[in-house]
Structures are given as structure tokens and as C-alpha cells.
Protein chains: 2
Amino acid sequence: MREIGIEQLDDIARGAGILGTGGGGDPYIGKLLAREAIRRHGPVTVADIDEVPADATVVPVSAMGAPTVLLEKLPSGAEELTALRALEAVLGRPATHIVPIEIGGVNSMIPIAAAAESGLPLVDGDAMGRAFPEAQMVLPTLIGVSTTPMALADDKGNTLVVDAVSNLWSERIARSACVEMGCQVSCADTVLRGDQLRDGLVPATLTLAEDLGRAVRLARHEHADPVAAARDLLGGTRLLTGKVIDVERRTSGGFARGQASLEGLGADAGRTLRLNFQNEHLLATRDGEVVATTPDLICVLDTETGEPVTTENMRYGLRVTVIAAPCDPRWTTPAGLALAGPRYFGYDCDHVPLTLA
Amino acid sequence: MREIGIEQLDDIARGAGILGTGGGGDPYIGKLLAREAIRRHGPVTVADIDEVPADATVVPVSAMGAPTVLLEKLPSGAEELTALRALEAVLGRPATHIVPIEIGGVNSMIPIAAAAESGLPLVDGDAMGRAFPEAQMVLPTLIGVSTTPMALADDKGNTLVVDAVSNLWSERIARSACVEMGCQVSCADTVLRGDQLRDGLVPATLTLAEDLGRAVRLARHEHADPVAAARDLLGGTRLLTGKVIDVERRTSGGFARGQASLEGLGADAGRTLRLNFQNEHLLATRDGEVVATTPDLICVLDTETGEPVTTENMRYGLRVTVIAAPCDPRWTTPAGLALAGPRYFGYDCDHVPLTLA
């Protein structure tokens, strides 16, 4: 057991921004929420997966919606507890632990806020090991755990509880309601028992996010290469260093979708890289060749500072470096690829194993 | 207390088809469901409003969606009980009575089926005294009763419980989920206590539907004018006898919307009538003048047989007579008109009191 206080939030948010592969929303917004919650309720106790009792009721709490909307419509901090209480009411038992559904952007921070507000311990791990855009794209789906009952709460006070026949249906129904509720809702769903955490979570990703955020910060302070620090810690590879020359973006079906074009600078002069995204970066095509795909991590970092660049913050002229890093190995199984591989998203290509330097 | 058996269904369905003002779905489909339920479970006990105990839990059960979809996607008869059970679970108490939310088309029949299947008595009345397209357009809204918790169930086994801050929000959220669930779901919502029935329901509308259906049938058998029989029983007026010369129809936002143009025949030769509908007929314009509007009833009947013609069954060449009849007086109060008057639906006109012959 350890604690997360206000002083850890910057590093966790930075690291989770990188692990969020462009999605999960601007971590700055989530950080404001988590900081305010810790300021009011005190630090959050963090439990390793091994420390959670087998019969624990572990509840992921998150935000659903388009990060482009989140930028303009900040959650108040009350909705996630409303969603949690609505879920507990249908479960008929209280949550014993909070856990992030994904270790990306705002969704790394909202569980910290929810843990502080509810006084429950936070589990060090998440259900993706990165961020994915759709609610069924979680390891629990691979082990037959339902994402429902799924409780949604909006900023107006409306709540919704979905009970679906499949995790794909719960995503479809919740997403359409989410769009109607203003494209930004808080969720509590995908309840795990303590003895399901080993198979249902990627362990220690809060710690990884903090390590990553710290490594980038320290490299910057020491005038070393912050992007290289992140790449090394993730065991990844550099795809391109360059600048953003075009971004197409639209908010459709409750997602921020689009693509960004980069041209290389320095050693990469003359090269191009295209990124396709649906909240998260899903496909990287360099000089016409697909070099990285979902479910591997495709991360865009500010070349100078190593700060993560979310898809909704991509804009012309930004100097960025794109790195790719291997996902949790459960995602590259046939079942994992069927759930979150490039073909699910409509790309006409198979998963390309990363060429690691 | 009396009973509804299979032998009453034809008259009730016909009468409810007329009271449904073109909406509520083809009553034939609902009749199949109700007949099958009564065949398997026996006749349904009907209670007058006065016979319901003050502390009763009275639950409207209905279908939500576009009648154009209902035509092709028949409910199985199981969904309405699933919705009822999901609602009871969040209420924490069982329903004691079933009641129609509207006395229109399929939604007059589904409560009969639900009453037979659940073994609960059916209350003789409904929350509109006609059919309206949106869930907040019920008398309970006018007396401050929430339509939520609202339970929805689809044909695939998905359920949803909405808890909203207003009846308009519950309609918006449920409608968007309904569209995603296939534009056709079963609902249980707008729970009334026994002592709220007098203000929350139009009384005896099941009996009215049966009387209306019988009057049309008997007039036809006696070679009298079945349309005149319906008009007289409703205290209404004839707007036009003619034929349908054009129908524009689209299924959008979970509704069947459009307009129909009629030209007069016989004594009405040379006259025209335009009907605008959103599931239900909402506006009748004769020779360029608005002569009847929602919330009054605008009913289209086959001129020859007196059978109701639903909006999705309107087609070129049909010989029909359009009648208009006054709605329950609570709908023409300022609050009633704000909820279901022509301006709510976007028509640039006020409610036109009917000119009764």
C-alpha cells in the first residue's frame, strides 16, 4: 500500500497522457479534478493487485465521450460518484475498490478523484494497459466478464443503467445515450471481483505512468532527450521526428475521428507519417507503409519537452516525435486483435508487429 | 371489475386505432400479441379507476419507436415483461396494476398482453386519452409525476433504466437509446400511485375504444355509415371525405414523420386537405386553412369500412374520411398546449378550437 498525493499528479498525468496514445482526453483537465478531490479529501491509498482480497468489488470509474467535447465541458467532479452510486444500487453491494478502466489522459485521473471522494482504495492497474475508444475494448471482455451493469451520469443529473447481452451492445447503447446526454458522461461499469484482477487488468500501470512522467521530467531537467527517456522506458521505437502539416478532425458518433499528416525534420527530412485516430491513434503509415497499428501504442510527444500531445490538441506546425511501443501481449492474441485490432476499426490491414531497434 | 377476452380484442383494437390518430402502430400487430397472451394465460381483469386502491403501484407498459419499424419487427411478447421486471427491480416493489400509457394502436394492446402475462389487473384508462409521439406527453407530466425510472427492453435481451431530471430528458435519452436498439423497444415507466389516477389518467378509455370499435362494426353490418358512427360517439366533426393523392414519409430521429395530401370526392370535390404527422396526425390544413391541430384528435378512417388508417399505412388512392374530435380538456390548458400543442412540434400556429357541427 502506498499513497497518491497532489505532488504525484503531474508525473502520473504526463505518463498517462503518453500511455493514452493521443486519447483519453487532455490529462490537464483530469489533473484539476484529481487535485481538487485530494485537496478536499486527502491522499488516495493505492493497492497492488496482489493486495486486493479475492471477494473485493472493484469498480472502474471513467469518463465516456469525445475528448473534443471534454475540452469545453469540464466534469464537475460529482458525476463520477453519481455513476458509482447508481451502479452500487443495482449491484446491491458497495464498491470496495476503484480502478482506472484505461490508463489514458483524463481516465487515469478521474479514478483518483473518485477514490479520494469515496474514500475507497485505488487499484494500481487498468483494464487496457493504454487507452482505447470503445467500452468493450477491455481485458475483462477477453475473459468473459460483462461490462454491464453500466451506469452513466451526466452533468445535468440524468443517470442511466444499461444491462446488455454483450459488451458490444453495451457500448452501442451507452454511446448513443452519451451523445444525447451531451457527448460527455461519467461511467461506472465492468465490475471485477478481486480474484479476476490478474486476468482482467494490466498490473501496475499507475506506477508505470508515474515512472514515465518522472523520466520525461527528469530528462528535461537534465537537458537530456525526454522523448528517448519515454521510448526506453516503454521498450518502444521512434517512428518519426517532424512537424504536423495537416489535421482533419470531426466529432462524429460520439468520437473525435480524423487523421494527421506529419513531415520529417532533421534526420527524417523527406519522410512523411500519417496518423489515423478515433479518440486514440490507431494506425501509423510512414512513407506509404503501415509501420504501427492498434493495439500497439502509438504515442505523439512534443519533441522538445516530451509532453504528450492528445489527438484533439494536434495542430499545424507542432514539432512532435511519434513513438510506438508494444501493447500488453493479451491484445495481440487472435481474440485481442478481433476486439481492438486494425480491422475492427475498418482499416484494411492486419496488425503489424513492431520493428524494435 | 370486468374481463377482456379474445372476443373483445377486435373492437378494442379498431377503436384504439381510431383514438390513436394515425399513430401508435398498426393495431393488428398488437392484437396478435394480446390474443396470444390471453390464449395462453386466460382473460384479463379490468378495473375502473375508482376500484384501484390508493396505494396501488400502477405501471404503464408500452412500445416505443417508429411504427414504420414495428410493421417489420414484431415484438415477441417477452420484452414488455422484461421491461416491467427491470422497473420493479429499481422501484423495489412489484407492480399491482398495468395501464396503457396511450389508447392508440399497438399501445392499447400491449398492456392487455402484459396484464395477461403478468396476471395483474388492467386499469381502464390511459395517460393521454389518445396517442402522442413523445414520452413526456402524458397527463402525469402536468401533475408533476416523473416518467422515470423508465425501463426499456429490446428484442435482443438488452435492458436500460433511465432516471432523468425532467420528463423531456427521459424522452431524449430513451429515444436515442431506442434508435440504437433497433427503433423498437418495450417500455415500463411513469409509475402512478392509485390515488394519482384521477389526475394522471383519462378514465374509461379502454371502454371507449371498445364502444367505438363496436359502433363502427355494427354500423357496417347494418349498412349504415361507420364513419358517422365514430364521429358521433367522439363528438367530433368531419373534415373531408376524399382520396389520398400523395404521401411523403421518412423515419428520422426514431419517428415516422411526413405529410399526406388528400383531395375531396363527392360533396368535397375541389377541396384539399393536408395532414402533417410525427407518428400521429398533428395538423390538418383544409383549402389552405388550419382546421384542426394537436392536441385535438385527427383521425383518418377508411370511408367505406370505418377502419382506422395509421400514418404508416397511408398510401396513394386510399378512400378515406378525416374526422377531428376534441381532446381531454386538460390538454387545452396553457400547460397542456405547451407540452403537446402545435408550436411544440414546430408548427407556426396556435391551437385551433374545433368548429363542431
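Predicted model only: the values in this text are computed from it and were never measured.

Asker: Would you explain helix H2 (residues 27-41) of chain B in this entry?
Answerer: Counting along an α-helix, one turn takes 3.6 residues, and residues three or four places apart therefore face a common direction. Across its 15 residues, H2(B) extends 21 Å between first and last C-alpha, which sits within 8% of the 21 Å expected from 1.5 Å per residue. Three or more residues of H2(B) are buried, namely B:Pro27, B:Ile29, B:Gly30, B:Lys31, B:Leu33, B:Ala34, B:Ala37 and B:Ile38.

Asker: Whenever I open this one, the pattern of salt bridges confuses me. Can you help?
Answerer: Side chains that differ in sign of charge can pair as their charged atoms come close. Residues and elements named next belong to chain A. Scanning all chains against the criterion turns up 46 salt bridges over all chains. Residue Glu210 pairs with Arg214 through a salt bridge whose shortest N-O separation is 3.5 Å. With Glu210 and Arg214 both in helix H9 (residues 205-221) and four residues apart, the pair spans about one turn of that helix. For Glu210, a relative accessible area of 10% corresponds to the buried category. Relative accessible area serves as the criterion here: at 30%, Arg214 is assigned to the partly exposed category.

Asker: Just to check I follow, could you spell out unusual backbone geometry for this structure?
Answerer: All names here are of chain A. Look at the link from Thr294 to Pro295: it is a cis peptide, with omega at 10°. Within the secondary structure, Pro295 is located in the loop between strand E16 (289-293) and strand E17 (297-302). Look at Thr190: it is not a glycine, yet its phi comes out positive at around 55°. In this structure, Thr190 sits in the loop between strand E9 (184-188) and strand E10 (192-193).

Asker: Please explain the relation of the copies chain B and chain A as it appears in this structure.
Answerer: The second copy of the chain is related to the first by a rotation about an axis and a shift along the axis. For the match of chain B to chain A, the screw axis carries a shift of 0.0 Å, the RMSD comes to 0.0 Å, and the turn is 180°. On this basis, the relationship between the two copies can be described by a two-fold rotation axis. A share of 100% of interface residues in chain B that are also interface residues in chain A marks the association as one of identical surfaces.

Asker: What is the right way to read the interface of chain B and chain A from this model?
Answerer: Note on interface size: it is often stated as the accessible area lost on association of the parts. Between chain B and chain A, the residue contacts involve 17 residues of the former and 17 residues of the latter. Ionic pairing is found between B:Glu180 and A:Arg172, a salt bridge with its closest N-O pair at 2.7 Å. Run the count over chain B and chain A and you get eight residue pairs in polar contact (both at pLDDT 80 or more). Among the elements of the structure, strand E8 (159-163) and helix H7 (167-180) of chain B are those that each provide at least two residues to the side of chain B that touches chain A. Counting residues per element, the side of chain B that touches chain A draws most heavily on H7(B), at six residues. Taken together, the residues of the side of chain B that touches chain A break down into nine nonpolar, four polar and four charged. Of the strand pairs in this sheet, strand E8 (residues 159-163) of chain A and E8(B) are connected by five bridges, and their pairing is antiparallel. Paired with A:Thr159 across the strands is B:Asp163, a residue of E8(B).

Asker: Please explain the sheet that holds strand E13 (residues 255-264) of chain A as it appears in this structure.
Answerer: The strands making up a sheet associate through hydrogen bonds between their backbones, and the pairing can be parallel or antiparallel. All names here are of chain A. An order of E16-E15-E14-E13-E12-E18-E17 is seen for the seven strands of this open sheet, with the pairing classed as antiparallel. Each having just a single partner strand, E16 and E17 make up the two edges of the open sheet. Recorded for the sheet is a direction-independent mean angle of 35° between the axes of neighbouring strands. For strand E12 (residues 237-252) and strand E18 (residues 319-325), the ladder comprises six bridges, and the chain directions are antiparallel. Within E18, the position partnered with Arg238 by the bridge is Ile323.

Asker: Would you mind showing me how to read the UniProt feature "domain: S-Me-THD-like C-terminal" (unreviewed entry) in chain A here?
Answerer: UniProt annotation of "domain: S-Me-THD-like C-terminal" (unreviewed entry) refers to residues 166-354 of chain A when read in the numbering used here. Between the C-alpha atoms that bound residues 166-354 of chain A there is a distance of 31 Å. The span itself is 27% helix and 35% strand.

Asker: How do you make sense of the packing of helix H1 (residues 6-19) of chain B against helix H5 (residues 106-118) of chain B when you look at a structure like this?
Answerer: Packed helix pairs are specified by the crossing angle of their axes together with the interaxial distance, meaning the distance between the axes. Residue and element names in this part refer to chain B. With their axes 8 Å apart at the nearest point, H1 and H5 run at an angle of 145° to one another. In this structure, H1 uses Leu9, Ile12, Ala13 and Ala16 to contact H5, whose residues at the interface are Ser108, Met109 and Ile112. Of the residues that constitute the contact of H1 with H5, the class distribution is six nonpolar, one polar and no charged.

Asker: In this structure, what is going on with the domain arrangement of chain A? I would like to understand it.
Answerer: All names here are of chain A. Domains assigned within chain A are domain 1 (2-203) and domain 2 (224-340). Relative placement of domain 1 and domain 2: their C-alpha centres are 24 Å apart. Taken together, the contact between domain 1 and domain 2 spans 43 residues of the former and 34 residues of the latter. Seen at the junction of domain 1 and domain 2, the total is one salt bridge.

Asker: Please explain the side chain of B:Thr148 as it appears in this structure.
Answerer: The residue B:Thr148 is located in the loop between helix H6 (139-142) and strand E7 (150-153) in this model. Polar contacts involving the side chain of B:Thr148 include one to the side chain of B:Asp163, which spans 3.4 Å.

What counts, and at which threshold
- Residues numbered from 1 in each chain as written.
- Chains lettered and ligands numbered in written order.
- Predicted model: local features only at pLDDT ≥ 70, side-chain atom pairs only at ≥ 80, totals over all residues.
- Heavy atoms only, no water.
- Helix = DSSP H or I, 4+ residues; strand = E, 2+ residues; numbered from the N terminus.
- Expected span 1.5 Å × (residues − 1).
- Buried < 20%, exposed > 50% of the residue type's maximum accessible area, 1.4 Å probe, protein only.
- Salt bridge = Lys/Arg side-chain N within 4 Å of Asp/Glu carboxyl O.
- Least-squares fit on C-alpha atoms with pLDDT ≥ 70 in both.
- Contact = heavy atoms within 4.5 Å.
- Polar contact = N/O pair within 3.5 Å; in protein donor to acceptor, adjacent residues only side chain to side chain.
- Nonpolar A, V, L, I, M, F, W, Y, C, P; charged D, E, K, R; others polar.
- Pairing = 2+ DSSP bridges.
- Axes fitted to C-alpha atoms, helices over the stretch in contact; angles between N-to-C directions.
- UniProt positions renumbered as here; feature names shortened; annotations may be inferred.
- Domains from an automatic or database assignment.

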